[in-house]
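Fold and geometry: a report
One letter stands for each residue in the lines below.
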Amino acid sequence: MPEKPAAAALGRGAVNTSSSRPIPITQVTAQTHARLSSGISELDRVLGGGIVPGGVVLVGGDPGIGKSTLLTQVAHAISSRSNPGGEPTSVLYVSGEESVQQIKLRSERVGAGSDHLYLLNETEISSIIHQIAALSPGLVVIDSIQTTYDSALDSAPGNVSQIRNCASMLAQVAKGGGPPIFLIGHVTKEGSLAGPRVLEHMVDTVLYFEGDRSHAYRIVRSVKNRFGSTDEIGIFEMREEGLVEVENPSAALLAERSQHQTGSAVTATIEGSRPLLVEVQALVARSFLANPRRTATGFELNRLNMLLAVLEKRVGLRLGDQDVYVNVAGGLKVTDPAVDLAVIMAIASNFREQPVDPDAVILGEVGLGGEIRSTPRLELRVREAARLGFTKVITSSRHKMKGSLGAEVISAGNVVDAIRYGLQPPISGS
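With that out of the way, let us pick up helix 12 (residues 415-422). Three- or four-residue spacings in an α-helix give side chains the same orientation, since the helix completes a turn every 3.6 residues. Every buried residue belonging to helix 12 is among Val-415, Asp-417, Ala-418, Ile-419 and Gly-422, and all of these are buried. Here the buried face of helix 12 lies against helix 9 (301-315), helix 10 (340-352), strand 15 (365-366), strand 16 (372-373), strand 17 (392-396) and strand 18 (408-412). N-capping of helix 12 is provided by Asn-414, with a side-chain oxygen placed 3.1 Å from the backbone N of Val-416.

This next bit is on the packing of helix 3 (residues 67-79) against helix 4 (residues 100-110). Closest axis-to-axis distance for the helix 3/helix 4 pair is 10 Å, and the angle between their directions is 70 degrees. The angle between helix 3 and helix 4 falls in the class roughly perpendicular. Residues Ser-68, Thr-69, Thr-72 and Gln-73 of helix 3 form the contact with helix 4, whose own contacting residues are Arg-106, Ser-107, Arg-109 and Val-110. Looking at side-chain class alone, the contact of helix 3 with helix 4 contains one nonpolar, five polar and two charged residues.

With that settled, consider helix 3. With 13 residues, helix 3 extends 18 Å between its outermost C-alpha atoms, agreeing within 8% with the 18 Å of an ideal straight helix rising 1.5 Å per residue. Here helix 3 lies mainly inside the structure; 11 of its 13 residues are buried. Listing the buried residues of helix 3 in full gives Lys-67, Ser-68, Thr-69, Leu-70, Leu-71, Thr-72, Gln-73, Val-74, Ala-75, Ile-78 and Ser-79.

On the surface, a cluster of nonpolar side chains totalling about 330 Å² of accessible area is made up of Ile-23, Ile-25 and Val-28. The residue Ile-23 is located in the loop between helix 1 (5-11) and helix 2 (41-47) in this model.

Moving on to the side chain of Lys-224. Looking at where Lys-224 falls in the secondary structure, it is placed in strand 7 (residues 217-225). Among buried charged residues, Lys-224 stands out as having no salt bridge; its nearest opposite-charge side chain is Asp-204, 6.4 Å away. A polar contact of 2.8 Å, which involves the side chain of Lys-224, links it to the backbone oxygen of Glu-200. Side-chain polar atoms of Lys-224 contact the backbone oxygen of His-201, separated by 3.4 Å. Leave out the neighbours within four places in its chain, and Lys-224 touches Glu-200, His-201, Met-202, Val-203, Asp-204, Thr-205, Val-206 and Thr-230.

The full count for this structure, using the stated rule, is 20 salt bridges. A salt bridge links Arg-45 to Glu-232, with the nearest nitrogen and oxygen atoms 3.7 Å apart. Of this pair, Arg-45 sits in helix 2 while Glu-232 sits in the loop between strand 7 and strand 8 (233-239); the two residues are 187 residues apart in sequence, bridging distant segments of the chain. A salt bridge links Arg-318 to Glu-312; the shortest N-O distance between them is 3.8 Å. Note on Arg-318: relative accessible area 58%, which makes it exposed.

As a further point, take the sheet that holds strand 4 (residues 139-143). If you trace the nine strands from one edge of the open sheet to the other, you get 3-2-4-5-1-6-7-8-9, paired in mixed fashion. At either margin of the open sheet sits one strand with a lone partner, and together these are strand 3 (117-121) and strand 9 (242-245). Within this sheet the neighbouring strands show an average axis-to-axis angle of 25 degrees, counted without direction. Where strand 2 (residues 91-95) meets strand 4, five bridges bridge the pair, whose relative direction is parallel. Residue Val-94 lies in a different strand from strand 4, and its bridge partner there is Ile-142.

Here the focus is the packing of helix 10 against helix 12. In contact at an axis separation of 10 Å, helix 10 and helix 12 are set at 60 degrees when each is read in the N-to-C sense. In this view, helix 10 runs oblique relative to helix 12, as classed from their interaxial angle. Here helix 10 and helix 12 pass one another in a crossing that is right-handed. Of helix 12, the residues touching helix 10 (which contributes Leu-341, Ile-344, Met-345, Ala-348 and Arg-352) are Val-415, Ala-418, Ile-419 and Gly-422. Residues that form the contact of helix 10 with helix 12 fall into these classes: seven nonpolar, one polar and one charged.

Secondary-structure assignment places Ile-181 in strand 5 (residues 181-185). Residue Ile-181 is classed as buried on the basis of its relative accessible area of 1%. The sequence separation of Ile-181 and Val-57 amounts to 124 residues, and the corresponding C-alpha distance is 6.3 Å. Once residues lying within four places of it in the same chain are set aside, the contact partners of Ile-181 are Gly-55, Val-56, Val-57, Val-140, Ile-142, Leu-170 and Ala-174.

Below, the discussion takes up the environment of Glu-97. For Glu-97, the location among the structural elements is in the loop between strand 2 and helix 4. Glu-97 sits in the partly exposed class, given a relative accessible area of 41%. With 26 residues separating them in the primary sequence, Glu-97 and Thr-123 have C-alpha atoms 8.8 Å apart. Ignoring anything within four residues of it in the chain, the contact list for Glu-97 reads Gln-102, Asp-143, Ser-144, Thr-147 and His-186. Within the structure, Glu-97 has its side chain in polar contact with the side chain of His-186 (distance 2.6 Å).

Definitions and limits used
Residues numbered from 1 in each chain as written. Predicted model: local features only at pLDDT ≥ 70, side-chain atom pairs only at ≥ 80, totals over all residues. Heavy atoms only, no water. Buried < 20%, exposed > 50% of the residue type's maximum accessible area, 1.4 Å probe, protein only. Helix = DSSP H or I, 4+ residues; strand = E, 2+ residues; numbered from the N terminus. Contact = heavy atoms within 4.5 Å. Polar contact = N/O pair within 3.5 Å; in protein donor to acceptor, adjacent residues only side chain to side chain. Axes fitted to C-alpha atoms, helices over the stretch in contact; angles between N-to-C directions. Parallel < 35°, antiparallel > 145°, perpendicular 65-115°, else oblique. Nonpolar A, V, L, I, M, F, W, Y, C, P; charged D, E, K, R; others polar. Expected span 1.5 Å × (residues − 1). Patch = residues over 30% accessible without salt bridge, like charges linked within 9 Å, V, L, I, M, F, W, Y side chains within 5 Å. Areas by Shrake-Rupley, 256 points an atom, 1.4 Å probe, with all protein chains shown as cover. Salt bridge = Lys/Arg side-chain N within 4 Å of Asp/Glu carboxyl O. Lys, Arg positive; Asp, Glu negative; His and termini not counted. Pairing = 2+ DSSP bridges. Left-handed = near helix turned anticlockwise from the far one by under 90°.

Laid out in C-alpha cells, this is it:
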C-alpha cells in the first residue's frame, strides 16, 4: 500500500516538532480581553473600546500632524492613574528622533508631567527590550520604528530588514506577556507607511492620521484592527495645548458654513457607528484650457468625473468648457456613495447661481441613469440632521419611512427632481 503524502514527507527527513494538536472548534473557549482605556474616548472608539493587553498598534501619518502629541497625551493619561491592584502604572516612551529634553518641552505644552512617565533616548533594539524588561511598564511607545535598529544586522536603520526585524522582536515582547506597544511610523510621499508592507501584517492594529497641518481638525482612522471594527474614526482639533477631542463633530464641521452661498450642500455620511454631517463645496468656472480642470479634495476624482457626465447627459448642464472644483470642508475624506447627490447638488447650485435650501440635507447614491438609489441606515442620518436643526432631507423615493424622525423626508426619483426640490431661486443680481 503506497504511503500517504504527508507520511512520506515526514519519512524523508522532515521532523515534526510541533506540540499542537487540532481540536474541534466547539471545544475552544472564547476569551475576552480586558481593555486598558487610553484616557481619550475618541482614540478608544477607534481602537474598538480601548488598548488590548499585549497588542501592537502602528500609528502612521504625515510629519507634524500630531502622532507624537497624541501618544504623549495617552502616555500621560495612563501613567497618571493606578492599575486595578492600586499600584501606579508606568509608561515608557522611547524616542530615537528627539532628545529627552525635546520630549519634555512637548510634554509641558500638553500638560503631561507624571512621575511614572519614563523617557528613553535609544535606538538599539536589544537595549530597548532590556529596558522594557527592567521597568515592566504598562505601556510602551516607540517613536519611531524607522529609527530603531538591530546591531546584529549590517544594514542601516530604516532598511527593510531592520524595520521587519525590530518590529518582530517588539511584537514578540508584547505577545509574550509584555505590555501593549504603540509604534509610530513614517509615511511616504504617496501617504502609505514607509518600510515593508509586511510591517502592517505583523501588528494588530494600524491607525492613520488624516488631515492637513493647515487645518485644525485631525482624523484618526483604523485601517486594520484584529480586536475591533475598521469603520470607526476619531476626530480631534489641534490646539496649543495638544489634540482635543471634538465632542460634537457634525456641529464643528458645519460651524463656518455660509447658508446662502451657491455651491454648498450638506450631506450625512456614516463613519463606523456615527453619523456625520459634512459640507460639500463646489466651484464651477469657465475654463480657458483645452482640457478643463477637474479637482477633488476629500472626494474621489474618478467618481466626480462620473457625476459630471451624469449632469451633462441626464440634466443637460453644459460643463465641457468649465473647470470644476469639489471640496469636502474640514479636511475630511469621504467614500460613502450617499454623498453623490450632495456633490451633484453643489455643482448644479454654483453653475446655475442658485443656492441650495439651507434647511435641507442631501442624501443618495447616483446611478448612471440619473436615478437616486437608496441610502443605508437612513434613519440614523435623518435623526442626526434633525438634531442639528435641519428640517428637510432630500433622498431616494425608494425609502418608505415609518413614523416621524424629526425632519421631513422629501423623495426624489432622479437627479432632475432632486435639483428641482433642493435649489432655491437665483441670487438677486446674478
